[in-house]
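Read off the chains here:
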Amino acid sequence: ETAYAKAQLAAGMELPREGGLLFSVGDLAQRAAFEPLALKAVELGYQVCVTSETAMAWSMETRERLYRVWSVEEAIACIRAGDVKLLISIDTREGSSQEATSMRRAGLEAGLPYFTRLSNTRALIGALEVVSRDSLPSVNALQGDNHSGV
């Protein structure tokens, strides 16, 4: 987790220590796999929001712990308003919906880090755990060091 957090920071990605994370999982077969990741984010103190079709695949207990459930239109408006700090948008269905495409476009236009795979989201949640419990890992650029003897 620390290595992934450092890699993301070195690449210029800001990992938020708080705020809204939006989960939108269009692929029905994958929705259940994201539920424990969303719960972990809630435990870390993030405000986890989901689109309504994603929430319907999760347990009532999980849905009760979520910050908000939004329609895709509401999610896009909240992205544009700055209420979302990270976007997890997974839609591997053939012919991904126009709504999903619009949500990802809004995220890109807002400059949000966004994740489109389960494996990346697992690594992300681990990195968020690192930044929420510890100080941000230090990342040292080699360009400033004197490597003339190398």
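Check the entry above for the structure.
Just so you know, these numbers come straight off a predicted model, no measurement behind them.

The buried count for strand S1 (residues 20–25) comes to 6 of 6 residues, which makes it a mostly enclosed element. Alternating positions in S1 separate into two faces, Gly20, Leu22 and Ser24 on one and Leu21, Phe23 and Val25 on the other, with burial throughout. Across 4 bridges, S1 lies against strand S2 (residues 47–51) in parallel orientation. Paired with Leu21 across the strands is Val48, a residue of S2. Read as a crossover between parallel neighbours, the route from S1 over helix H2 (residues 28–43) to S2 is right-handed. Looking at chain direction, S1 and strand S4 (residues 86–90) are connected through 5 bridges and run parallel. Counted as the bridge partner of Leu21 is Leu86 from S4.

A few words now on the sheet that holds S4. One open sheet holds the 5 strands; their spatial order is S3-S2-S1-S4-S5, and the pairing between them is parallel. Edge positions in the open sheet fall to strand S3 (68–70) and strand S5 (114–115), since each of these has one partner strand only. The strands touched by helix H5 (residues 72–81) are S1, S2 and S3; relative to S3, the strand with the most contacts, the crossing angle is about 115°.

Right, let's get into helix H6 (residues 98–109). Spanning 12 residues, H6 covers 16 Å between terminal C-alpha atoms, matching the ideal 16 Å at 1.5 Å per step. On its buried face, H6 is in contact with S1, S2, H5, S4 and S5.

Basis of the calculations
Residues numbered from 1 in each chain as written. Predicted model: local features only at pLDDT ≥ 70, side-chain atom pairs only at ≥ 80, totals over all residues. Heavy atoms only, no water. Buried < 20%, exposed > 50% of the residue type's maximum accessible area, 1.4 Å probe, protein only. Helix = DSSP H or I, 4+ residues; strand = E, 2+ residues; numbered from the N terminus. Pairing = 2+ DSSP bridges. Right-handed = clockwise from strand over helix to strand, strands pointing away. Contact = heavy atoms within 4.5 Å. Axes fitted to C-alpha atoms, helices over the stretch in contact; angles between N-to-C directions. Expected span 1.5 Å × (residues − 1).

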